[in-house]
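Okay, here's what each chain looks like letter by letter:
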Amino acid sequence: MKLIEIKKAIQTGDFNLSELNELGAWINSVKTQNAKAEISVGDQVYVVQKTKRTKGIVEKINIKKAIVTLPEGRYNVPLSMIEAA
């Protein structure tokens, strides 16, 4: 199934707000699992925010967050905001 088909199915699916919130939470958990599988300590990654992507290096991986060294300093970043570089 393609992404556009999934978006249309969600839009026309007649879901209530509670179901959409549950879907969003599930998507975030999948993003976290994928990030954990893709990265390891010492990898270069992008920290993805709404308006920018910042390159950094993973120092430590915790259960839901990773410590990433960015040009501005070290940050505790949610795994759902991390992409492999």
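Just so you know, these numbers come straight off a predicted model, no measurement behind them. (Residues numbered from 1 in each chain as written. Predicted model: local features only at pLDDT ≥ 70, side-chain atom pairs only at ≥ 80, totals over all residues. Heavy atoms only, no water.)

Quick notes on helix α2 (residues 17–38)
With 22 residues, α2 extends 32 Å between its outermost C-alpha atoms, agreeing within 8% with the 32 Å of an ideal straight helix rising 1.5 Å per residue. A distance of 3.1 Å separates the backbone nitrogen of Ser 18 from a side-chain oxygen at the start of α2, and that oxygen is part of Asn 16. (Helix = DSSP H or I, 4+ residues; strand = E, 2+ residues; numbered from the N terminus. Expected span 1.5 Å × (residues − 1). Polar contact = N/O pair within 3.5 Å; in protein donor to acceptor, adjacent residues only side chain to side chain.)

Notes on a nonpolar patch on the surface
Where nonpolar side chains cluster on the molecular surface, the patch consists of Met 1, Leu 3 and Ile 6 and spans about 360 Å² of accessible area. Its location among the elements puts Leu 3 in helix α1 (residues 3–11). (Patch = residues over 30% accessible without salt bridge, like charges linked within 9 Å, V, L, I, M, F, W, Y side chains within 5 Å. Areas by Shrake-Rupley, 256 points an atom, 1.4 Å probe, with all protein chains shown as cover. Salt bridge = Lys/Arg side-chain N within 4 Å of Asp/Glu carboxyl O.)

Description of the nonpolar core
One finds Ala 35, Ile 39, Val 45, Val 47, Val 58, Ala 66, Val 68, Leu 70, Val 77, Leu 79 and Ile 82 forming the largest nonpolar core, which totals eleven residues. Broken down by element, this core gets its largest block of residues, three residues, from strand β3 (residues 65–70). Beyond its immediate stretch of four places on either side in the chain, Val 45 contacts Ile 39, Thr 54, Lys 55, Gly 56, Val 58, Val 68, Ile 82, Glu 83, Ala 84 and Ala 85. (Core = buried A, V, L, I, M, F, W, Y, C linked by side-chain atoms within 4.5 Å. Buried < 20%, exposed > 50% of the residue type's maximum accessible area, 1.4 Å probe, protein only. Contact = heavy atoms within 4.5 Å.)

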